[in-house]
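Letter by letter, the chains look like this.
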Amino acid sequence: EAGVAQSPRYKIIEKRQSVAFWCNPISGHATLYWYQQILGQGPKLLIQFQNNGVVDDSQLPKDRFSAERLKGVDSTLKIQPAKLEDSAVYLCASSLGVGRSEKLFFGSGTQLSVL
Amino acid sequence: KQEVTQIPAALSVPEGENLVLNCSFTDSAIYNLQWFRQDPGKGLTSLLLIQSSQREQTSGRLNASLDKSSGRSTLYIAASQPGDSATYLCAVRGIIQGAQKLVFGQGTRLTINP
């Protein structure tokens, strides 16, 4: 079974530039999550999709971050314009549903450096 | 607000030792608690999930316990091996600001020395 795919693996940009990350969840998984993990910290949820609808985006900085999940499969997370404090690993995860004991499967992440 | 804390931030032990990683959380109204492993440059892998009604879960050399009333969990690793070197994160699932969320601790970076 293929896992959660993310690209690119690494990205280096200058502040005020734009960047986009892509995620392809496990086939059949209805729920998709984007997490931000700053060095030395645990992952923080940015946005959760159920199929192509947003379930929770309360911690997404909407003035600069946007995400979409067209057709309820692949997802793209965009940052425009980037700030130095956006340097982090961006993790995508997916699960079959939203049950309390739902197991999350994580991708390897995209490591973003903003200079 | 749910806060999850893991102490110590880093731990280094010789191969073969038994060890305990600690996790504490501030709000005991949780559905479950999970322990994850994260290898450098990789995503997270779920190790164990303990429901709020359970006291412990075991998988191979790993044993996780949960004391919901005191807001604590421990991950016990028996007969540690160099391959156990990784960052271990705990996460609690519960209702936060009206939504079901998974809240992570900052992790314990474990190094097993041959």
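Structural data are supplied above this passage.
Not measured: the values here are computed from a predicted model.

Another point: the overall build of chain A. Along the backbone of chain A there are 0 helices and 11 strands. Going residue by residue from the N terminus, the α and β elements of chain A occur as β-β-β-β-β-β-β-β-β-β-β. Scaling as 2.2 N^0.38, a compact globule of 115 residues should have a C-alpha radius of gyration of about 13 Å, and chain A matches this with 13 Å. Taken along the three principal axes of its C-alpha coordinates, chain A extends 40 × 25 × 25 Å. The burial tally for chain A puts 44% of its 115 residues in the buried class.

With 24 residues, the main nonpolar core has L33, W35 and L75 of chain B as its most contacted residues. Listed by contribution, the elements that provide at least two residues to this core are β3 (19-25), β4 (32-38), β5 (44-51), β7 (62-67), β8 (72-77), β9 (86-96) and β11 (108-113) of chain B. A total of 5 residues in this core trace back to one element, the largest contributor, which is β9 of chain B. Counting 21 residues, the second largest nonpolar core, distinct from the first, contains C23, W34, I47 and A88 of chain A.

It is worth spelling out the pattern of salt bridges at this point. Evaluation of the coordinates by the stated rule reveals 5 salt bridges over all chains. Measuring nitrogen to oxygen at the nearest pair gives 2.2 Å for the salt bridge that ties D56 of chain A to K101 of chain B. Within this pair, whereas D56 of chain A is found in strand β6 (residues 53-56), its partner K101 of chain B is found in strand β10 (residues 99-104), the two belonging to separate chains. Assigned by exposure class, D56 of chain A and K101 of chain B land together as buried.

Parameters at a glance
Residues numbered from 1 in each chain as written. Chains lettered and ligands numbered in written order. Predicted model: local features only at pLDDT ≥ 70, side-chain atom pairs only at ≥ 80, totals over all residues. Heavy atoms only, no water. Helix = DSSP H or I, 4+ residues; strand = E, 2+ residues; numbered from the N terminus. Rg over C-alpha atoms; globule rule 2.2 N^0.38 Å. Buried < 20%, exposed > 50% of the residue type's maximum accessible area, 1.4 Å probe, protein only. Core = buried A, V, L, I, M, F, W, Y, C linked by side-chain atoms within 4.5 Å. Salt bridge = Lys/Arg side-chain N within 4 Å of Asp/Glu carboxyl O.

Interpretation note: all reported values are geometric properties and have no functional meaning in isolation.
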